[in-house]
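Here are the chains, one letter per residue:
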2 protein chains.
Amino acid sequence: MLLGSVEAGGTKFVCAVGNEDFKVQESVTFPTTTPEETLRKTLAFFKKFADLKAIGVSSFGPIEIRKSSPKYGYITNTPKPGWKDTDFVNKLQASFPVPIAWTTDVNGSAYGEYIAYKKAGLQLSSLAYYTVGTGIGAGIVTDGKLVGSEGHPELGHVYLKRHSADLNFKGICPYHGDCLEGLASGPTFKARLGIAGQDVPLTDPTWNIIAYYVAQGVMQATLALRPSKIVIGGGVSSEAFLKKVRLHFKKLLNDYVAVGDLEQYIVTPKVPHNGSAIMGSLALALAEYQKSAQPKATNA
Amino acid sequence: MLLGSVEAGGTKFVCAVGNEDFKVQESVTFPTTTPEETLRKTLAFFKKFADLKAIGVSSFGPIEIRKSSPKYGYITNTPKPGWKDTDFVNKLQASFPVPIAWTTDVNGSAYGEYIAYKKAGLQLSSLAYYTVGTGIGAGIVTDGKLVGSEGHPELGHVYLKRHSADLNFKGICPYHGDCLEGLASGPTFKARLGIAGQDVPLTDPTWNIIAYYVAQGVMQATLALRPSKIVIGGGVSSEAFLKKVRLHFKKLLNDYVAVGDLEQYIVTPKVPHNGSAIMGSLALALAEYQKSAQPKATNA
């Protein structure tokens, strides 16, 4: 069986096709430019494959996921120039009359990580996936389902206790100023220091400040959902960074609730090479295909 | 059918019996003193009723809710003097060999509110219930189930952005200092002003500060879960207080995600006279009874 996957990120798109074991057979990566150009490249890639059964899309957001909404399948209120109110699913559907799964990039990653643990024999009750990169977001899987009734989580935009050495930084979120994304996303390095994050050594105190904020985000997800595991991916994340996050998390939570071994609780992604969202999109595509196939089977 | 309900609060216990329509037939209220005395009074009340089918307990926390734990049914890490590591369910079970549902007071209230809306013809996808009183906590119902994989939510203990007129207040949470509970629970009035909250007029700026913090808590729950409705109960809550909360919430969220009419989204409890947890406990008792009756029916 051939399934399609779109990881629609704010910086780049990764389109892939894979089988029902979520093994990728071919993929293509291109930068996220205008909606027109980027969607044209997406369609062109999938047109090469004759027998796609379903497509899973994990997109940067916010997006409309309520099927009852006339804007279902749109990227909605994004600060990304040119992408506000972009119809995505209908354009894809017009070229590919197959079941399409539609969720956020971080939900796709969360689902991919959940599936990866399941394939490895560990059935988690719930998992939260944070990306810390150009932006900050989180996806949550509980009992095998994505969390969010009236929309998807937007956990990058919560407010936080400020670090005592960072009180004067205004934050860079165009909507909230000093929310988590405004204080701890990758571009805040440049805003604070004039240097991009990848050029700032981990010994610089700014990394410690960023870890303090990310730890608060992780603590909020912990206290809201009591998940089995929290995965932190994205360009800013690394095992060395998570060491700092765990230290802050331990101090901030102060053992108020038990989360077990922190090295098993706050972790880097299990799927290698940033593949979580691709695996998740393929798995969601398969689930959507199976859902759409069910009524037919009953009628037969 | 006769069902039992215990609303085990940090200040007072309310024990009640009701029927399968959750109509209360008799109830008793007494102060929460020592565990021994308080549990003795609880048992004495229920012993008056010959044919209790099940009991639902909604307790102050934190509590252990994982049935796999040897501490299942305990109140665990509470700052309340004398109550740390108190066995509750086993003591109740020893006198009443009936199914016992065990959850937090706020989960009980959340479930009661969910049931009240359902009875009124409104099936909500999800609901979060905050109590703002002696402490702050939240319970969450999604798709008819209580949220929390490895434990129950503890949303009173998240950190927040400080109000600019409140930067010097250290907060009163013994675990976290200036978490939500440490900054916005009822006793913070006394700690800030030397006067109890009920004696502070709503025009005092302290109410505005408290509303600012509660609005951030509500915003976190919104961005984590995207619930259909957020109910705020507890001694500090009132319609006048919620007006202030809504104003802050609107400004803080800055329309980043849609929540619909705020007056329908952030609301006082639907169940009158602080009855949400009693209704929830009775409903959870009934659900526990039905669950325990199922295997018997299969064997018959």
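About the criteria used
- Residues numbered from 1 in each chain as written.
- Chains lettered and ligands numbered in written order.
- Predicted model: local features only at pLDDT ≥ 70, side-chain atom pairs only at ≥ 80, totals over all residues.
- Heavy atoms only, no water.
- Helix = DSSP H or I, 4+ residues; strand = E, 2+ residues; numbered from the N terminus.
- Rg over C-alpha atoms; globule rule 2.2 N^0.38 Å.
- Buried < 20%, exposed > 50% of the residue type's maximum accessible area, 1.4 Å probe, protein only.
- Areas by Shrake-Rupley, 256 points an atom, 1.4 Å probe, with all protein chains shown as cover.
- Lys, Arg positive; Asp, Glu negative; His and termini not counted.
- Charge placed at Lys NZ, Arg CZ, Asp CG, Glu CD.
- Axes fitted to C-alpha atoms, helices over the stretch in contact; angles between N-to-C directions.
- Parallel < 35°, antiparallel > 145°, perpendicular 65-115°, else oblique.
- Left-handed = near helix turned anticlockwise from the far one by under 90°.
- Contact = heavy atoms within 4.5 Å.
- Nonpolar A, V, L, I, M, F, W, Y, C, P; charged D, E, K, R; others polar.
- Domains from an automatic or database assignment.
- Buried area = accessible area lost by both parts, 1.4 Å probe.
- Salt bridge = Lys/Arg side-chain N within 4 Å of Asp/Glu carboxyl O.
- Polar contact = N/O pair within 3.5 Å; in protein donor to acceptor, adjacent residues only side chain to side chain.
- Least-squares fit on C-alpha atoms with pLDDT ≥ 70 in both.

A. Just the overall build of chain A, in detail. Of the regular secondary structure elements, chain A holds nine helices and twelve strands. Taken against the 2.2 N^0.38 rule, which gives 19 Å for 300 residues, the C-alpha radius of gyration of chain A at 19 Å falls within 12% of a compact globule. Viewed in the frame of its principal axes, chain A has a C-alpha envelope of about 65 × 40 × 35 Å. With 300 residues in all, chain A has 59% of them scored as buried. Accessible area of chain A: about 12,300 Å², with a carbon and sulfur share of 53%. Looking at chain A, you have 31 positive and 25 negative side-chain charges, and the mean spots of the two groups are 0 Å apart.

B. Structural context of the packing of helix α6 (residues 205–225) of chain A against helix α7 (residues 239–253) of chain A. All names here are of chain A. Between α6 and α7, whose axes approach to 8 Å, the crossing angle comes to 55 degrees. Taken as axis vectors, α6 and α7 run oblique relative to one another. Judged by the twist between their axes, the crossing of α6 over α7 is right-handed. In contact with Trp 207, Asn 208, Ile 210, Ala 211, Tyr 212, Val 214, Ala 215, Gln 216, Val 218, Met 219, Thr 222 and Leu 223 of α6, α7 contributes Phe 241, Lys 244, Val 245, His 248, Phe 249, Leu 252 and Leu 253. Residues of the contact of α6 with α7, tallied by class, amount to 14 nonpolar, four polar and one charged.

C. Structural context of the domain arrangement of chain A. All names here are of chain A. Segmenting chain A into domains produces domain 1 (2–104 + 274–281) and domain 2 (121–267). Each of domain 1 and domain 2 has a C-alpha centre, and the two are 26 Å apart. Contacts between the two partners involve twelve residues from domain 1 and, on the opposite side, nine residues from domain 2. Across the domain 1/domain 2 interface, buried area totals approximately 770 Å², and carbon plus sulfur atoms make up 57% of it. Interface area lost by domain 1 to domain 2 is led by Ile 65, Arg 66 and Pro 79, which between them contribute 41%. Counting across the interface, domain 1 meets domain 2 through zero salt bridges. The interface formed by domain 1 and domain 2 holds three residue pairs in polar contact (both at pLDDT 80 or more) in total. Classifying every residue of the side of domain 1 that touches domain 2 gives four nonpolar, six polar and two charged.

D. Quick look at the relation of the copies chain A and chain B. When chain A is brought onto chain B, the operation consists of a screw motion whose angular component is 180 degrees and whose axial shift is 0.0 Å, with 0.0 Å RMSD remaining. Read as a symmetry element, the transformation amounts to a two-fold axis. The residues that chain A uses at the interface reappear at the interface of chain B in 100% of cases, marking a shared surface.

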